[in-house]
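Examining the three-dimensional arrangement
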Amino acid sequence: MTASLLQLERHGAVALVTLASHNTLNPLTSELMKELGRVLQTLDADTDTRAIVLTGSVRAFAAGADIQAMAKMTYAQAVQDNYLAAEWQALSTARKPLVAAVRGYALGGGCELAMLCDIVVAGENALFGQPEIKLGLVPGAGGTQRLPRAVGKSLAMEMNLTGEPITAAQARDCGLVSRVVADEEVTRVALGLAQLIARHSLPVLLTVKAATARAFESTLAEGLVYERSAFHASFALDDQREGCDAFLERRAPFFTHQ
Ligand code: DAK
């Protein structure tokens, strides 16, 4: 891993990944996104990791894609290189639960990166926005798709068409984030949530994440069929027997992730 771009810390079955670019606004350069993709793929494959927390600096979760690079980009180059798409692919296919711990700016790709995570915890001074329109750009990693699903049409349109950010409190009220806490508590709270998640059976966690994500990608009828199959399949797991037995025996379950 490039030490100057990302830091990785282990907290038992939880991995804490910190964006730590030399610029504390954490511009999401291709190099940073490639590195992040590689780290997430490695953690996804690591059976000892059951949840991942992604955070940035005090000043910014991330202020978006690298404007220096985009200032020079041509249409032909963007299409030919499939600009930024490959680097971001690994993030959208991560199977382990991802918790974003957001302090400061989450703008453009930064807001989209937070939305790619499964749970977002925000510091009280966090700001979420899609300012691409001010740069003459269209959002490219979910601002026009995940944002309306998260916050509803009217607010998504307002954010995308004005480019103006919303506060952490607004983000909580509209469902973009699940919790707002003091800035200095964000990482601790996100790690606590991830620890709660990581207590559970890994195959069940993977399936619950995939099934919940389906709600945004299928009709209700299709989603319910997927969910029922996943529910029935859970009876094939040792961990299902252990979880139910432990409940009845009034003890904590000991999951073997089988
Ligand atoms: N990229 C590069 N440099 C950036 C940057 C960015 N996104 N944001 C800030 N900087 C640099 C500034 O140029 C400045 O550099 P120096 O002049 O010191 O060399 C330094 O960081 C400090 O910035 P400021 O002086 O502006 O600091 P302030 O505290 O006054 O303001 C700010 C902080 C975050 C409000 C402001 O810097 C700002 O508005 N930044 C730009 C935010 C933005 O427009 N972001 C959206 C970028 S477009 C895709 C995936 C992702 C994307 C697209 C496609 N695919 C998967 C296909 C994403 C696109 C975007 O994010």
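The text that follows walks through the structure, step by step, so that each part is easy to find. (Residues numbered from 1 in each chain as written. Predicted model: local features only at pLDDT ≥ 70, side-chain atom pairs only at ≥ 80, totals over all residues. Heavy atoms only, no water.)

1. Concerning the pairing of strand S1 (residues 6-11)
Sheet topology places S1 next to strand S2 (residues 14-19); six bridges connect them, and they run antiparallel. Each bridged residue has a counterpart across the sheet, and for Leu8 the counterpart in S2 is Val17. Here S1 hands over to S2 after two residues, with Gly12 in that stretch at a positive phi of 65 degrees. (Pairing = 2+ DSSP bridges. Helix = DSSP H or I, 4+ residues; strand = E, 2+ residues; numbered from the N terminus.)

2. Comments concerning the nonpolar core
Core analysis: the biggest nonpolar cluster contains 46 residues, and Leu19, Leu36, Trp88, Val102, Leu113, Phe128 and Leu176 have the highest contact counts within it. Of all the elements, helix H1 (residues 30-45) adds the most residues to this core, at six residues. Contacts of Val102, omitting those with residues within four sequence positions, involve Phe61, Ala114, Val120, Val121, Ala122, Gly123, Ala126, Phe128 and Val186. Of all hydrophobic cores here, the second largest spans 18 residues; its members include Ala51, Ala101, Val181 and Ala190. (Core = buried A, V, L, I, M, F, W, Y, C linked by side-chain atoms within 4.5 Å. Buried < 20%, exposed > 50% of the residue type's maximum accessible area, 1.4 Å probe, protein only. Contact = heavy atoms within 4.5 Å.)

3. Points about the packing of aromatic side chains
For the structure on display, the rule yields one aromatic pair. Between Phe231 and Phe235 the ring centres are 5.2 Å apart and the planes differ by 80 degrees, which places this aromatic pair in the edge-to-face class. Exposure remark for Phe235: the relative accessible area of 46% places this residue in the partly exposed category. (Phe/Tyr/Trp six-rings, centres within 6.5 Å; stacked < 30°, edge-to-face > 60°.)

4. Re the site of the ligand
Taken together, the neighbourhood of the ligand is formed by 23 residues, with Asn23, Ala63, Ala65, Ile67 and Gly109 sitting nearest. Within the contact set of the ligand, an oxygen atom lies 3.0 Å away from a side-chain nitrogen or oxygen of Asn23. In the model, an oxygen atom of the ligand is placed 3.0 Å from a nitrogen or oxygen of the Arg59 side chain. Elements that contribute at least two residues to the shell around the ligand include exactly helix H2 (67-72), strand S6 (105-107) and helix H5 (109-116). For the shell around the ligand, a count of residues per class yields 14 nonpolar, five polar and four charged. (Near = heavy atom within 4 Å. Polar contact = N/O pair within 3.5 Å; in protein donor to acceptor, adjacent residues only side chain to side chain. Nonpolar A, V, L, I, M, F, W, Y, C, P; charged D, E, K, R; others polar.)

5. What about the packing of helix H4 (residues 85-92) against H5?
Closest axis-to-axis distance for the H4/H5 pair is 10 Å, and the angle between their directions is 30 degrees. In terms of their interaxial angle, H4 and H5 are classed as roughly parallel. Of the two possible hands of crossing, H4 and H5 adopt the one that is right-handed. Touching Trp88, Leu91 and Ser92 of H4 are Gly109, Glu112, Leu113 and Leu116, all from H5. For the contact of H4 with H5, the class distribution of residues is four nonpolar, two polar and one charged. (Axes fitted to C-alpha atoms, helices over the stretch in contact; angles between N-to-C directions. Parallel < 35°, antiparallel > 145°, perpendicular 65-115°, else oblique. Left-handed = near helix turned anticlockwise from the far one by under 90°.)

6. Let's talk about H1
Each α-helix winds once per 3.6 residues, and so residues spaced three or four apart point in a common direction. Here H1 spans 23 Å end to end across 16 residues, near enough to the 22 Å set by a 1.5 Å rise per residue. Of the residues making up H1, those classed as buried are Ser30, Leu32, Met33, Glu35, Leu36, Gly37, Val39, Leu40 and Leu43. Tucked into the core, H1 has its buried residues touching S1, S2, strand S3 (51-55), H4, strand S5 (98-102) and H5. (Expected span 1.5 Å × (residues − 1).)

7. Comments concerning the side chain of Ser30
Within the secondary structure layout, Ser30 lies in helix H1. By relative accessible area, Ser30 is classed as buried at 19%. Residues in contact with Ser30, not counting those within four places in the same chain, are Tyr83, Leu84 and Glu87.

8. Quick notes on the layout of surface pockets
Reported here for the second largest pocket is a volume of approximately 680 Å³. Lining the second largest pocket are 30 residues, and of these Met70, Leu84, Val138, Pro139 and Gly140 lie nearest its centre. Taken together, the elements giving at least two residues each to the lining of the second largest pocket come down to H2, H4 and H5. Per element, the largest residue contribution to the lining of the second largest pocket is four residues, and it comes from H4. Of the residues in the lining of the second largest pocket, the class split is 18 nonpolar, eight polar and four charged. (1 Å grid on protein atoms, 1.4 Å probe; cavity = no way out; pocket = protein on both sides within 12 Å on 5 of 7 lines; lining within 4 Å. Points joined across faces, edges and corners; volume = space filled by probe spheres on them.)

9. Side note on a nonpolar patch on the surface
Judged by side-chain polarity, Ile67, Leu135 and Leu137 come together as a nonpolar surface patch covering roughly 240 Å² of accessible area. Within the secondary structure layout, Leu135 lies in the loop between strand S8 (127-129) and helix H6 (146-151). (Patch = residues over 30% accessible without salt bridge, like charges linked within 9 Å, V, L, I, M, F, W, Y side chains within 5 Å. Areas by Shrake-Rupley, 256 points an atom, 1.4 Å probe, with all protein chains shown as cover. Salt bridge = Lys/Arg side-chain N within 4 Å of Asp/Glu carboxyl O.)

10. Structural notes on the sheet that holds strand S9 (residues 166-167)
The strands that make up a sheet pair up through hydrogen bonds in the backbone, lying either parallel or antiparallel. Read across the sheet, four strands follow the order S4-S6-S8-S9 without closing on themselves; strand pairing throughout is mixed. Since the sheet does not close on itself, it has two edges, and those belong to strand S4 (60-62) and S9, each with one partner. Sheet analysis places S8 next to S9, joined by two bridges and oriented antiparallel. By the bridge assignment for S9, Phe128 is matched with Ile166.

The analysis is restricted to geometry; functional conclusions fall outside its scope.
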